[in-house]
Amino acid sequence: MKSYIKSKVRETMSWGYFLSKQFLPRLQGKVLILAYHRVLSEKELKKDFVQPGMYVRNDIFEKQMQFLRDYFEVIPFAELLQLWNKNLLDHKKRYCVITFDDGWLDNYTYAYPILKRYHLPATIFLPTNFIGTNEWFWPDRVGYLLNRCIETAEKELLASWWAKYPSIKSEIGDNEKIDSFIEAYKQLPEEEIKVLIEEMERALGISSPLDRLVINWEEVEEMSLSRISFGSHSATHKILTKLSREEIQTELEVSYKALQREKINILPVFCYPNGGVNHTVSEQVRKAGYQAAVTTRFGFEAESPTNLFELKRIGVHHDISATVPLFSWHLSGMNHLLSQ
């Protein structure tokens, strides 16, 4: 009830904020680098579990693109780097760069046609070892297995998995529990996650499906012809702060070389998987030949970036941007201000 009331209050405030156009002067002279993941239809969202922080609905995404076209100078990431390099950003304008993480297939099926319709550029950061394969990211495998467990009413199994994390509140819904479980497991070593998935598959007598979830190189090549550029999101999507210097170097080099082998629109910018970055990692990215790198840290950039290898972004997902007023509220940093 408390979260419902909070949500309604935020929605009401966002309408007043949007109608007053207060976001226009607030964002003047700012650079907004937006971070999307998935763009999905309502039908697909009913079919399988998707983490709430990972998607926007395709109809909402179209409205967001209309809003950006109307109120922002939406530019390619490469152009932003050039403007910064030449100190040519106009402090009277509101700049926006659109980015996507992970290379989901729905970026091609839903986001790409909308971006083309509104003549908007974007960048997709690719974990190159996944491209053109049927391999799933481990959070989606865990989400799929837990969801199947819920559907088949395997109460004892569920109880044993929830018990691994007593901090998961019993009163929250099943989807919230799955989300909390996945987020908790992100802190663990890769081997432990692998063991968990194998244990879950054995207990349920099933394995993760083979549906293709990420784009292939032919789709990447097609999108490259229509103002979509592609940067690196590592080779295997491992969190770099958990790796040795040698392993980090491999992730950076293998990914960049894979991009260079293809006939595509390459952007020499790196995106840290799961936002995992520290000074050591960012220095390795710089030395590997990238021109910049983006984080998951909330914030705006301006006429001169604080750190080209730790650029701030604004994550966009459905539960905080389901209407245009909520979108304008979020882009202005109001959600971030209120949460501090």
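Residues numbered from 1 in each chain as written. Predicted model: local features only at pLDDT ≥ 70, side-chain atom pairs only at ≥ 80, totals over all residues. Heavy atoms only, no water.

### A few points about the overall build of the chain
Put simply, the test is: What counts as a helix is a DSSP run of H or I of at least four residues, what counts as a strand is a run of E of at least two, and both are numbered from the N terminus. In this description the radius of gyration comes from C-alpha coordinates, and the expected globular size is given by 2.2 Å times residues to the power 0.38. Here the term buried applies to any residue with accessible area under 20% of the maximum for its type, exposed to any over 50%, and partly exposed to those in between, with areas from a 1.4 Å probe on protein chains only. It only takes one pair of heavy atoms within 4.5 Å for two residues to be counted as in contact. Accessible surface is estimated by sampling points in the Shrake-Rupley manner with a 1.4 Å probe; for residues, cover comes only from the protein chains shown.
The helix and strand tally for the chain stands at 15 helices and ten strands. Here the C-alpha atoms of the chain give a radius of gyration of 20 Å, agreeing with the 20 Å that 2.2 N^0.38 yields for 340 residues. The dimensions of the chain, computed from C-alpha atoms along their principal axes, are 60 × 50 × 35 Å. Across the 340 residues in the chain, those meeting the buried criterion constitute 52%. For the chain, restricting intrachain contacts to residue pairs at least 6 apart in sequence, the fraction spanning at least 24 positions comes to 71%. Put simply, the chain shows about 16,400 Å² of open surface, and 50% of that area lies on carbon and sulfur atoms.

### With respect to the pairing of strand β10 (residues 311-315)
For the record, the criterion: Pairing between two strands is assigned when DSSP locates at least 2 bridges connecting them.
Summarising the sheet, strand β1 (residues 31-36) and β10 pair through two bridges and their orientation is parallel. What sits directly across from Leu34, in β10, is Ile314. Bridge count for strand β9 (residues 292-298) against β10 is two bridges, and the pairing is parallel. Each residue of the ladder has a partner; that of Val294, found in β10, is Leu311.

### Remarks on the packing of aromatic side chains
Note the following rule: Each Phe, Tyr or Trp ring (for Trp, its six-membered ring) is paired with any other whose centre lies within 6.5 Å, and the angle between the two planes then decides the class: stacked below 30 degrees, edge-to-face above 60, tilted in between.
Following the criterion strictly, the structure yields 21 aromatic pairs and no others. For the pair Phe18 and Phe23, a centre-to-centre distance of 6.1 Å together with 5° between the ring planes defines the contact as stacked. Just as Phe18 is buried, Phe23 falls in that class too. Here Tyr256 and Tyr290 contribute two aromatic rings whose centre-to-centre distance is 4.7 Å and whose plane-to-plane angle is 20°, an arrangement assigned as stacked.

### Some thoughts on the environment of Leu40
Positionally, Leu40 belongs in strand β2 (residues 38-40). Leu40 sits ten residues away from Val50 along the chain, and the two C-alpha atoms are 9.7 Å apart. Once you skip the residues sitting within four places of it in the chain, Leu40 turns out to touch Leu45, Val50, Tyr55, Val56, Arg57, Asn58, Asp106 and Tyr110.

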